[in-house]
Amino acid sequence: MPGFIPFTANAFVLEEDDVDTDIIFPARFLLHTERQGLGRFAFRDRPALLDAYARAGKPPILLAGANFGCGSSREHAVWSLHGMGVAAIFAPSFGEIFRGNCANNGIVAGGMAAGTLARLQAMANAGHALSIDLAGQTVTCAAQAFPFTVPDSDREMLLAGWNTTTRILALHGKDIAAFETSQRATAPWLWTEEADA
Amino acid sequence: MTSHASPRTLYDRLWGAHTVVRGDAGKDLIYIDRHLLHEVSTPQSFELLRDNGLVVRRPATQLAVPDHAVPTAERGGTIRGELARKQVALLEANCAEFGIEYLALEGQQQGIVHVISPEQGFTMPGISLVCGDSHTATHGAFGALAFGIGASECGTVMATQTLWQARNRNLRVHYAGTLQPHVTTKDMILALIGKIGAGGGIGHAMEFSGEAVASASMEARMTLCNMGIEAGSRVALVAPDDTTFTWLEGRPRAPQGAMWEKAVMYWRTLRSDDDAVFDRIVEMDAGAIAPQVTFGTSPDQVMPVDGLVPAGPARALEYMGVEAGRPLVGLGVDYAFIGSCTNSRIEDLRAAAQVIRGRRIAQGVTAMVVPGSTATKQQAEAEGLDRLFEQAGFAWHHAGCSLCVAMNGDVVPEGKRSISTSNRNFEGRQGAGARTHLASPAMVAAAAIAGHIVDVRKEFL
Ligand code: SF4
């Protein structure tokens, strides 16, 4: 995953609250076992929304309502948004698993106070472009600054483009082994299926 | 250094016991003791392992089972849908390649992940458990730190046995008093979601307490914890007690003999201190809770069955074909579904069976029972429940997720109204354009028989 690079683009406003992962990625397409090419399924049961998105020129920024991405853990929702070209989403709040999935796929999921977001939505609807600075956690639009937040660790990861898994192994392999040795002694019933180290 | 003097919540205790590294960017590296896998959320996780040349660190801590995509109307022979067949075959092949135990579709141990894991004793108090599925909080009913994760995270867990996770705040939900007859923990959790909202628990781990929780069975506690995510909480907990230990003892994967004694000694320490500080407390009066039914397209759009539809988002009311100011009672239903990881355990089936005993479903209603596991199905058959359901006109299915997520061929047609024991009434959840009302097993059975939504307390005493 490449690290985040600041960019400027238009935004699409999706005001509805509680847009769940079934709306973003209908369950019947979950039979697909790949990650690529899922953009065609995003919002499939919301043709009016897709039309409006297309008319807006398919911008890579979404300004969404509260609790965006609530519901299922399906990472397909994030892969499909990524596939349709979404790179950043701002909302008053997010479904937590969805937000973690965004970070793992290089999508900025920024929390923005409802009032700030409403002002930004008005600017976006008026056709102003948004500039996203993740390190500074600020969107700039028509010379005004709109602050947002991304949890520290997610921001670090997005900016550096780290692979979480290999990074854990490289930096914390010893810590994990030490934890395991200690747990074997204190909670041996969790280790009965494994031969002694 | 940990301070033994400061009071802690159950969640804090579990978190502390699984912290490998305390992070300085808001997340801790948490050790994961157990991982459940199913066919839908893991194909890409195994890709992640392959792409990076990684192996599974502790295969014995992983357990895989097909549940979401599997047909439930029939079993045996090949799966008809090509994509589903390939998806299930891929899970089996991936498990073989990486040394993970796979519970075959045809086997005795198959079923919905959140039903079979406790049944097998794979779920235990005090462990951390994850699954690429948002209803993983179900296992919190045992006092386990259990939460749903994404597919990338499933790969991270397999390779490292850890995850970077943000520690939640503590929310206590206290249910004082006892439930009225025909009111269940399903109604308790729906009432809570209605009160705090679908995003009301975001960032919080919930712990349930009070008389109505302490007196609840393990099945009922699992129903309660299962839907924490519908209020935005990834973690939902009940402190383990004798009810928990009695339920678990002797299960195939639970500790045995001296190990069991040692484990129980530890498990008894898993509770919130009396003076533990919660960031937030919600008080519920269990005795005042009526059977709940959802009227909209989010689980927080819920009401007592004897009430009137409140003013709600126009889009939701229109989608559902309901009107503000009118009752739900009397609204005709086309489908009745008893199943899902929320309400497909033996007690749920018994509760529904008790309501239907001797009666038949109304004309024009399609009704089905999908047990949560093959073992549950067999138990129900041993008790004669299958015959009872079939005589009443219900279809009796094999175990799986089925109409909860409608990706296995079971589907509610567009515009049709369904009353369902599952956990999500989202737009399109049971099929594109399908209208879903969530309720308890007794309420669903009662509606199937009446042909419309009824108050089970009034019609079936
Ligand atoms: S029964 Fe429904 S909620 Fe439960 S695991 Fe299956 S699809 Fe998910």
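About the criteria used
Residues numbered from 1 in each chain as written. Chains lettered and ligands numbered in written order. Predicted model: local features only at pLDDT ≥ 70, side-chain atom pairs only at ≥ 80, totals over all residues. Heavy atoms only, no water. Core = buried A, V, L, I, M, F, W, Y, C linked by side-chain atoms within 4.5 Å. Buried < 20%, exposed > 50% of the residue type's maximum accessible area, 1.4 Å probe, protein only. Helix = DSSP H or I, 4+ residues; strand = E, 2+ residues; numbered from the N terminus. Contact = heavy atoms within 4.5 Å. Pairing = 2+ DSSP bridges. Near = heavy atom within 4 Å. Nonpolar A, V, L, I, M, F, W, Y, C, P; charged D, E, K, R; others polar. Arc of directions from axis to C-beta. Salt bridge = Lys/Arg side-chain N within 4 Å of Asp/Glu carboxyl O. Axes fitted to C-alpha atoms, helices over the stretch in contact; angles between N-to-C directions. Polar contact = N/O pair within 3.5 Å; in protein donor to acceptor, adjacent residues only side chain to side chain. Buried area = accessible area lost by both parts, 1.4 Å probe. Domains from an automatic or database assignment.

Grouped together as the largest cluster of nonpolar side chains are 141 residues, with contacts concentrated most on Phe68(A), Ile89(A), Tyr175(B) and Phe208(B). The dominant element in this core, judged by the number of residues it contributes, is helix 6 (residues 185-196) of chain B, at 7 residues. Sequence-distant contacts of Phe208(B), defined by excluding residues within four places in its chain, comprise Val173(B), Tyr175(B), Ile189(B), Leu192(B), Val213(B), Leu224(B), Cys225(B), Ala236(B), Leu237(B) and Val238(B). Counting 45 residues, the second largest nonpolar core, distinct from the first, contains Tyr319(B), Ala362(B), Val365(B) and Ile449(B).

Here the focus is the sheet that holds strand 7 (residues 145-148) of chain B. Residues and elements named next belong to chain B. Reading across the sheet, the 5 strands line up as 5-4-3-6-7 and stay open at both edges, with parallel pairing between neighbours. Two strands lie at the open edges of the sheet, namely strand 5 (101-102) and strand 7, each paired on one side alone. Two strands pair when backbone bridges link them, and strand 6 (residues 128-131) and strand 7 are joined in this way by 4 bridges, in the parallel orientation. By the bridge assignment, Leu129 is partnered in strand 7 with Ala146.

Moving on, we come to the environment of Gly111(A). Structurally, Gly111(A) is set in strand 5 (residues 108-111). Leaving out residues up to four positions away in the same chain, Gly111(A) has contacts with Ala91(A), Phe94(A), Arg99(A), Phe148(A) and Thr149(A).

Turning next to the site of the ligand. Near the ligand you find His68(B), Ile112(B), His114(B), Asp133(B), His135(B), Ser340(B), Cys341(B), Cys401(B), Cys404(B), Val405(B), Asn423(B) and Arg429(B), and these make up its full shell. Class assignment of the residues belonging to the shell around the ligand gives a composition of 5 nonpolar, 5 polar and 2 charged.

Residues and elements named next belong to chain B. Among the residues of helix 13 (residues 374-382), those classed as buried are Thr374, Thr376, Lys377 and Ala380. The arc that holds every buried residue of helix 13, seen down its axis, measures 160 degrees, which confines them to one face. Within two residues after helix 13, Gly384 carries a phi angle of roughly 80 degrees, on the positive side.

Attention now moves to the pairing of strand 18 (residues 417-420) of chain B. Residue and element names in this part refer to chain B. Residue alternation in strand 18 divides its side chains into two sets, Arg417 and Ile419 and Ser418 and Ser420, and both sets are buried. In this sheet, strand 18 lies alongside strand 15 (residues 335-338) in parallel orientation, the contact comprising 3 bridges. In the strand pairing of strand 18, Phe337 is matched with Ser420. Bridge analysis of strand 18 against strand 19 (residues 435-438) gives 4 bridges, and the strand direction is parallel. Considered in strand 19, the bridge of Ile419 is made with His437.

The subject of this paragraph is the pattern of salt bridges. Tallied over the entire structure, the rule returns 28 salt bridges over all chains. A salt bridge links Arg50(B) to Glu47(B), with the nearest nitrogen and oxygen atoms 3.0 Å apart. With a gap of 3 residues between them, Arg50(B) and Glu47(B) both fall in helix 2 (residues 43-51), about one helical turn apart. Given the relative accessible area of 32%, Arg50(B) is considered partly exposed. With a shortest N-O distance of 3.0 Å, Glu97(B) and Arg50(B) are connected by a salt bridge. A residue pair is termed long-range when its members are at least 10 positions apart, and Glu97(B) in helix 3 (residues 82-98) and Arg50(B) in helix 2 qualify at 47 residues. One connected set of salt bridges, linked through shared partners, spans Glu16(A), Arg46(A), Arg315(B) and Glu427(B).

What follows concerns the sheet that holds strand 1 (residues 19-22) of chain B. With antiparallel pairing, 3 strands are arranged side by side in an open sheet as 1-2-8 (chain B). With one partner strand each, in any of the chains shown, strand 1 and strand 8 (162-166) of chain B form the two edges of the open sheet. Adjacent strand axes in the sheet meet at a mean angle of 30 degrees when their direction is disregarded. Set on the sheet, helix 7 (residues 164-186) of chain A makes contact with strand 1, strand 2 (27-31) and strand 8 of chain B; between it and strand 2 of chain B the angle comes to about 55 degrees.

Residues and elements named next belong to chain B. For Gln62, the position within the fold is in strand 4 (residues 62-64). Once residues within four sequence positions are removed from consideration, Gln62 is found in contact with His35, Leu37, Val56, Ile100, Glu101, Phe122, Val157, Met158 and Gln161. Among the polar contacts made by the side chain of Gln62, one reaches the side chain of Thr61 at a distance of 3.3 Å.

Our next topic: the interface of chain A and chain B. With 55 residues of chain A in contact, the opposing surface of chain B contributes 71 residues. The contact between chain A and chain B buries some 5000 Å² in all, and 61% of this surface belongs to carbon and sulfur atoms. A per-residue breakdown of the area chain A buries against chain B is headed by Leu31(A), Glu96(A) and Trp189(A), which together make up 16% of the total. Where chain A meets chain B, there are 6 salt bridges. Note that Glu194(A) is salt-bridged to Arg58(B), the shortest N-O span being 2.7 Å.

Turning our eyes to something else, we now look at the domain arrangement of chain B. Residue and element names in this part refer to chain B. Along its sequence, chain B is carved into domain 1 (10-281) and domain 2 (293-460). Each of domain 1 and domain 2 has a C-alpha centre, and these two points are 24 Å apart. In this complex, domain 1 contributes 44 residues to the contact, which on the side of domain 2 involves 45 residues. The junction of domain 1 with domain 2 conceals about 3300 Å² of combined surface from both sides, 56% of it contributed by carbon and sulfur atoms. It is Thr72, Ile112 and His182 that lose the most area in domain 1 upon contact with domain 2, and together they represent 21% of the buried surface on that side. The interface formed by domain 1 and domain 2 includes 1 salt bridge. Close ionic contact of Arg424 with Glu230 constitutes a salt bridge, the shortest N to O distance being 3.1 Å. Viewed at the interface, domain 2 and domain 1 are joined by 27 residue pairs in polar contact (both at pLDDT 80 or more). Among the elements of the structure, helix 4 (113-120), helix 6 and helix 8 (218-226) are those that each provide at least two residues to the side of domain 1 that touches domain 2. Taken together, the residues of the side of domain 1 that touches domain 2 break down into 17 nonpolar, 19 polar and 8 charged.

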